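Below, each chain spelled out in residue letters.
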Amino acid sequence: MGDSMLSQNQMVDWLEGVIEAIHDGILVIDRSGTVQLINEEYTQITGVKRDQIIGKPLLQVRPSAKLPQVLKDGRAREGVFRKEKSMEYVVDMAPIIKDDEVVGAVSVCKSIPEVYQLSEELKRSRKRVQQLKQAFGRIHQSTYTFSHIIGQNKDLLHMIERAKKAAATNLSILLTGESGTGKELVAQSIHHTSSRSSSPFVPVNCAAIPSALLESELFGYEKGAFTSSNEDGKSGLFELAHGGTLFLDEIGDMPVDLQSKLLRVLQEGTFRKIGGLEEQKVDVRIIAATNKDLPSMVANKKFREDLFYRINTIQLAIPPLRKRKDDIPAILTSLLKEQGNTNIQVAPQAMSTLHQYEWPGNIRELKNAVHYAISMCEGSTISVEHLPDTIRPTTGYRPTDRPRLLEDVLRDTEREVIVSVLNKTGTSVVGKKAAAKQLGISLASLYNKLSKLNIT
Ligand SMILES: Nc1ncnc2c1ncn2[C@@H]1O[C@H](COP(=O)(O)OP(=O)(O)O)[C@@H](O)[C@H]1O
Ligand SMILES: [Mg+2]
């Protein structure tokens, strides 16, 4: 051997240098499975430090390691995917063979290239976009703003003014009002006026989703959380609403155990998927709505008091239509315009019918009535007979009725009028006296009619 050859000791030093220079993580075990060597890159990729593992049985430090298998069967393996905590990497494994005997094994780990990680992230983003699209499919196509809220009623204008101020904050908002008064319209308007307008507005109707499903809808689940569930797991609405607004409609229908979970998210700003271990941060503005009397539900232990106070930071009460009937003409005009029917007029008598009605279904009912009337009227004037039966006065002759004997119409009308007056005055003698007076007939004549009409 000449001077130009390395001595054995020098060779060992060189090999160590080479191993350190390799850009993959390297781990070597001897035939007993004890770790003899790792390089710095191995520590970089796996997070395991030299003094934690050298000289120890590999399985003791890394219980799910596959390398000891190689000692047993002497087979090499390539591209085995490994995940330990948040570290993901790919491993090639090979036996070290001397004189036909397996004397050890080496594992070469490559951290997952950035490209691969990016492609995984892209996959996740695509999925999120798809789920967002589904969530958006559930709301009206149009995006409402305050300009869509029609009406000059004093209480309504005051509510809108407060809603605009609330929109500039991040506080939770509780919208109260009967069904059809425009709670969702106001919620959307707030979102679109807020700094969150370029992020999603995600509505969820707590009454429409079976309570067993509501939790997974809100929080999502990890893959394998349920045997029957989607293998890939699912993002919850909280995650989809990140950066934006979550509209919890009919919050009074949320089951009490879920109310506690919701409260936690609102307090901590974090949530956990079903079957998930990690808390996820989430930045969501909550707007809740209800047509129920939450304070009395709180008193009856049907609604958590602490959650009530948490969401009731700002309460906006939307007045029912019967308390702002003066707005009916303006809403009508806007509805007709929306339908492209600007040439259609509303006859004075139909207008007065619309004014007399109490509108339990509020603007939603008015909208439906107008759509119905538009489809019923052939000309350009909506008159009483074009309005739905439910909102027309119950007495009197209707042109659309089947022809009836005049006698029958008069008798029915007489009965309805008498009954409605007696309902107010009461049926005591004093009540009957008052009723007779209101009806402009004598008490005797009233008794006469009561017996003739079979009213008891
Ligand atoms: N002030 C208003 N002006 C015009 N349309 C309204 C107004 N309030 C409600 N609407 C319409 O009435 C319907 C019911 O409103 P919505 O927000 O769904 O009510 P809620 O959520 O209270 O049941 C929607 O079509 C909405 O656009
Ligand atoms: Mg609604």
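Computed from a predicted model, the values in this text were never measured in an experiment.

Asker: I tried to follow the UniProt feature "domain: PAS" (unreviewed entry) in the protein on my own but got confused; where do I start?
Answerer: Under the UniProt annotation, "domain: PAS" (unreviewed entry) lies at residues 11-59. Secondary structure content for residues 11-59 is 49% helix and 20% strand, and the end C-alpha separation is 30 Å.

Asker: Is there a simple way to think about the environment of Ile160 in this case?
Answerer: Within the fold, Ile160 resides in helix 7 (residues 154-167). Ile160 has contacts with Phe146 and Ile149, leaving out every residue within four places of it along the chain.

Asker: Just to check I follow, could you spell out the domain arrangement of the protein for this structure?
Answerer: Where interface size is quoted, it is often the accessible area lost as the parts come together. The domain architecture assigned to the protein consists of domain 1 (8-112), domain 2 (119-317), domain 3 (325-391) and domain 4 (406-452). Using C-alpha coordinates to define each centre, domain 2 is positioned 33 Å away from domain 3. Contact residues are listed per partner, giving ten residues for domain 2 and ten residues for domain 3. Here domain 2 and domain 3 share an interface that buries about 640 Å² over both sides, 44% of which is from carbon and sulfur atoms. When the buried area of domain 2 at its contact with domain 3 is split by residue, Ile150, Ser179 and Gly180 rank highest and sum to 61% of it. Seen at the junction of domain 2 and domain 3, the total is zero salt bridges. Where domain 2 touches domain 3, the interface holds seven residue pairs in polar contact (both at pLDDT 80 or more). Looking at the side of domain 2 that touches domain 3, its residues break down into three nonpolar, six polar and one charged.

Asker: Would you take a moment to explain the site of ligand 1 for this structure?
Answerer: As a structural note, the neighbourhood of ligand 1 is formed by 16 residues, with Ile150, Gly180, Lys183, Arg364 and Lys367 the closest of them. Here an oxygen atom of ligand 1 sits 2.8 Å away from a polar atom, N or O, in the main chain of Gly180. Notes on ligand 1: free accessible area 560 Å², of which the protein chains cover 90%. When contributions to the shell around ligand 1 are tallied by element, the ones reaching two or more residues are helix 8 (183-193) and helix 16 (362-376). Broken down by class, the residue content of the shell around ligand 1 amounts to five nonpolar, five polar and six charged. Here the shell around ligand 1 spans two domains, since at least three of its residues come from each of domain 2 (119-317) and domain 3 (325-391).

Asker: Sorry if this is basic, but what is going on with the packing of helix 17 (residues 406-425) against helix 18 (residues 429-439) here?
Answerer: Two measures define how a pair of helices packs: the angle their axes make with one another and the distance between the axes. Running from N to C, helix 17 and helix 18 cross one another at 130°; their axes reach a closest spacing of 9 Å. With respect to helix 18, the axis of helix 17 lies oblique. Like other packed secondary-structure pairs, helix 17 and helix 18 cross with a definite hand, here right-handed. Side by side, helix 17 and helix 18 meet where Val417, Ile418, Val421, Leu422 and Thr425 of the first sit next to Gly431, Lys432, Ala434, Ala435, Gln438 and Leu439 of the second. Counted by class, the contact of helix 17 with helix 18 contains seven nonpolar, three polar and one charged residues.

Asker: Is there a simple way to think about the pattern of salt bridges in this case?
Answerer: Charged atoms that come close allow side chains of opposite charge to pair. Here the structure, examined in full by the defined rule, presents 20 salt bridges. The closest approach of N and O atoms between Asp155 and Lys154, which form a salt bridge, is 3.9 Å. Note on Lys154: relative accessible area 67%, which makes it exposed. In this structure, Arg272 engages Glu279 in a salt bridge whose closest nitrogen and oxygen atoms are separated by 3.2 Å. Put simply, Asp24, Asp92 and Lys110 are held in one network by salt bridges that share partners.

Asker: Please clarify how the side chain of Gln259 should be interpreted in this entry.
Answerer: Mapped onto the secondary structure, Gln259 falls in helix 11 (residues 256-268). Apart from residues no more than four positions distant in its own chain, Gln259 is found in contact with Met254, Lys302, Phe303, Arg304 and Leu307.

Asker: I'm lost on helix 9 (residues 211-219) in this one. Help?
Answerer: An α-helix turns once per 3.6 residues; consequently, residues spaced three or four apart project the same way. Residues of helix 9 that are buried: Leu214, Ser216, Leu218 and Phe219. Immediately downstream of helix 9, the backbone of Gly220 shows phi near 75°, a positive value.

Asker: Looking at this structure, I do not really get the packing of aromatic side chains. What am I missing?
Answerer: By convention here, two paired aromatic rings are described through the distance between centres and the angle between planes. Applying the stated criterion to the full structure yields six aromatic pairs. Ring centres 5.5 Å apart and planes at 5° place the aromatic pair Phe219 and Phe238 in the stacked group. With a gap of 19 residues between them, Phe219 in helix 9 and Phe238 in helix 10 (residues 237-240) connect regions that are remote in the sequence. We classify Phe219 as buried; its relative accessible area is 4%. Relative accessible area serves as the criterion here: at 1%, Phe238 is assigned to the buried category.

Asker: Sorry, what's going on with the sheet that holds strand 13 (residues 285-290) here?
Answerer: The strands making up a sheet associate through backbone hydrogen bonding, with each pair oriented either parallel or antiparallel. Pairing is parallel in the open sheet, where five strands are placed in the order 7-10-13-6-14. Strand pairing shows two members of the sheet lacking a second neighbour, strand 7 (201-205) and strand 14 (314-317), which therefore form its edges. Between one strand and the next, the sheet's axes are offset by a mean angle of 20°, whatever the strand orientation. Relative to strand 14, strand 6 (residues 173-176) runs parallel, the two being bridged by four bridges. Note that in strand 14 the partner of Leu174 across the bridge is Gln315.

Asker: Sorry if this is basic, but what is going on with the nonpolar core here?
Answerer: As a rule of thumb, soluble globular proteins bury nonpolar side chains together. Membership of the largest hydrophobic core comes to 34 residues, with the highest contact counts inside it found for Leu218, Phe238, Leu246, Leu248 and Phe303. Elements that contribute at least two residues to this core include exactly strand 7, helix 9, helix 10, strand 10 (245-249), helix 11, strand 13, helix 12 (294-299) and helix 13 (305-311). Top contributing element to this core by residue count: helix 11, with five residues. One finds Leu354, Trp359, Ala369 and Leu387 within the second-largest nonpolar core, a separate group that totals 22 residues.

Calculation notes
Residues numbered from 1 in each chain as written. Chains lettered and ligands numbered in written order. Predicted model: local features only at pLDDT ≥ 70, side-chain atom pairs only at ≥ 80, totals over all residues. Heavy atoms only, no water. UniProt positions renumbered as here; feature names shortened; annotations may be inferred. Helix = DSSP H or I, 4+ residues; strand = E, 2+ residues; numbered from the N terminus. Contact = heavy atoms within 4.5 Å. Domains from an automatic or database assignment. Buried area = accessible area lost by both parts, 1.4 Å probe. Salt bridge = Lys/Arg side-chain N within 4 Å of Asp/Glu carboxyl O. Polar contact = N/O pair within 3.5 Å; in protein donor to acceptor, adjacent residues only side chain to side chain. Nonpolar A, V, L, I, M, F, W, Y, C, P; charged D, E, K, R; others polar. Near = heavy atom within 4 Å. Areas by Shrake-Rupley, 256 points an atom, 1.4 Å probe, with all protein chains shown as cover. Axes fitted to C-alpha atoms, helices over the stretch in contact; angles between N-to-C directions. Parallel < 35°, antiparallel > 145°, perpendicular 65-115°, else oblique. Left-handed = near helix turned anticlockwise from the far one by under 90°. Buried < 20%, exposed > 50% of the residue type's maximum accessible area, 1.4 Å probe, protein only. Phe/Tyr/Trp six-rings, centres within 6.5 Å; stacked < 30°, edge-to-face > 60°. Pairing = 2+ DSSP bridges. Core = buried A, V, L, I, M, F, W, Y, C linked by side-chain atoms within 4.5 Å.

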